[in-house]
Amino acid sequence: AGSGKFFVGGNWKCNGSKESVSKLVSDLNAATLESDVDVVVAPPFVYIEQVKNSLTDRIEVSAQNVWIGKGGAFTGEISAEQLLDIGCKWVILGHSERRHIIGEDDQFIGKKAAYALSQNLKVIACIGELLEEREAGKTFDVCFKQMKAFADSITNWQDVVIAYEPVWAIGTGKVATPQQAQEVHAAVRDWLKTNISPDVASATRIIYGGSVNGGNCAELAKQEDIDGFLVGGASLKGPEFATIINSVT
Ligand code: PEP
């Protein structure tokens, strides 16, 4: 099992308004959270500053995307320097919605990871197979290929959390069973041991994402190689997100 601190991230995706963000922040500020858990939330870019200015320092803030390098003439993009400038310490990269809806590939995602880490922006690095890939017995091949693309861009593993998110489980209500998740987490940890180092394998948090909610988090959290969660839909509800944070075992 990993030796890292339990980590729970909330990915708000393209949801919210000033009003709903304000309500969610006040619910999170009022929640009692286990102390032994790192907690991060990822609002849409336009609400990051509102969240930074109102949310307790107990919870860190992440972006959901970043430009591949230094800012400049890149219309519509946001740079790592700008995120850090407003107190945002993390970025989610390789999320399945960016891979499969927006069309980002391993190479592009790898560039983003390398540049973000070079600026000390920490990375939640997402991997995961499509349903047809799982059914074809390719789950490990797909996850290891995505891991390799990240690993080629990473030197400082202490600034990285790996999120295993099977695409068929994201936003579908169809959560992986604890055994299905554990099997992939153990394989990813083993991949890190073989390809990076035993120390990195043991220290790197491997979190699970895909329809995690207040009802299924406890069983998943008991698994040896599940070091936390990346939560989409259920992170938009403050009390339920707190339940997931407090599922640490
Ligand atoms: C996610 O987007 O990272 C995610 C896991 O979404 P959901 O929890 O809604 O499946």
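Because the structure is predicted, anything quoted here is derived from the model rather than measured.

## So, the environment of A176
Along the chain, A176 falls in the loop between β6 (160–164) and α8 (178–195). Overall, the presence of 24 C-beta atoms within 10 Å leaves A176 in the buried class. Measuring from C-alpha to C-alpha, the distance between A176 and N195 comes to 26 Å, with 19 residues separating the pair along the chain. What A176 contacts, discounting residues up to four positions off in sequence, is P166, A169, A181 and G210.

## A few points about the nonpolar core
In terms of nonpolar packing, the biggest core is built from 73 residues, with V91, A125 and Y164 touching the most fellow members. Here A125 is in contact with L93, G94, A113, F150, V160, I162 and A163, once residues within four sequence places are set aside.

## Some details on the pairing of strand β7 (residues 206–209)
Here β7 shows no split at all, with I206 and Y208 on one side and I207 and G209 on the other all buried. Of the pairings in the sheet, the one linking β6 to β7 comprises three bridges and is parallel in character. Residue pairing across strands places A163 opposite I207, the latter belonging to β7. Where β7 meets strand β8 (residues 228–231), two bridges bridge the pair, whose relative direction is parallel.

## So, the sheet that holds strand β3 (residues 60–63)
An order of β1-β2-β3-β4-β5-β6-β7-β8 is seen for the eight strands of this closed barrel, with the pairing classed as parallel. For this sheet, the mean angle separating the axes of adjacent strands, direction not counted, is 25 degrees. For strand β2 (residues 37–42) and β3, the ladder comprises two bridges, and the chain directions are parallel. Within β3, the residue paired with V40 across the bridge is E60. Strands in contact with helix α2 (residues 45–54) are β2 and β3; relative to β3, the strand with the most contacts, it is inclined by about 170 degrees.

## Comments concerning unusual backbone geometry
Here the phi dihedral of N120 falls at roughly 70 degrees; this positive angle occurs in a residue that is not glycine. N120 sits in the exposed class, given 11 other C-beta atoms within 10 Å. Phi at S211 is positive, roughly 60 degrees, even though this residue is not glycine. Among the structural elements, S211 can be located in the loop between β7 and α10 (217–221).

## Observations concerning the pairing of β2
For strand β1 (residues 6–11) and β2, the ladder comprises six bridges, and the chain directions are parallel. Within the sheet, the bridge partner assigned to G9 lies in β2 and is V40. Viewed along the sheet, the connection from β1 through helix α1 (residues 18–30) into β2 turns out right-handed. For the handedness criterion, the β-α-β arrangement of β2, α2 and β3 is classed as right-handed.

## Observations concerning the packing of helix α5 (residues 106–118) against helix α7 (residues 139–151)
Helices that pack against each other are described as a pair by the angle of their axes relative to one another and the distance between those axes. Two elements in contact, α5 and α7, have axes whose closest approach is 8 Å; the angle formed by their N-to-C orientations is 40 degrees. It follows that α5 is oblique to α7 by the angle criterion. Handedness of the α5/α7 crossing: right-handed. Facing α5, whose interface residues are D106, Q107, I109, G110 and A113, α7 presents Q146, A149 and F150. When grouped by side-chain class, the residues that make up the contact of α5 with α7 number four nonpolar, three polar and one charged.

## Structural notes on the environment of F150
Within the secondary structure, F150 is located in helix α7. What makes F150 buried here is the crowd of 21 C-beta atoms within 10 Å. Taking the C-alpha atoms as reference points, F150 and N216, 66 residues apart in sequence, are found 29 Å from one another. Ignoring any residue separated from it by four or fewer positions in sequence, one finds F150 in contact with G110, A113 and A125.

## Overview of the confidence of the model for the protein
With 100% of its residues at a pLDDT of 70 or more, the protein has an overall mean of 97. Two summary scores accompany this predicted model of the complex, namely pTM at 0.98 and ipTM at 0.98.

Parameters and conventions
Residues numbered from 1 in each chain as written. Predicted model: local features only at pLDDT ≥ 70, side-chain atom pairs only at ≥ 80, totals over all residues. Helix = DSSP H or I, 4+ residues; strand = E, 2+ residues; numbered from the N terminus. Buried ≥ 20, exposed ≤ 12 C-beta atoms within 10 Å, placed from the backbone. Contact = placed C-beta atoms within 7 Å. Core = buried A, V, L, I, M, F, W, Y, C linked by C-beta atoms within 7 Å. Pairing = 2+ DSSP bridges. Axes fitted to C-alpha atoms, helices over the stretch in contact; angles between N-to-C directions. Right-handed = clockwise from strand over helix to strand, strands pointing away. Parallel < 35°, antiparallel > 145°, perpendicular 65-115°, else oblique. Left-handed = near helix turned anticlockwise from the far one by under 90°. Nonpolar A, V, L, I, M, F, W, Y, C, P; charged D, E, K, R; others polar. pLDDT = per-residue confidence, 0-100.

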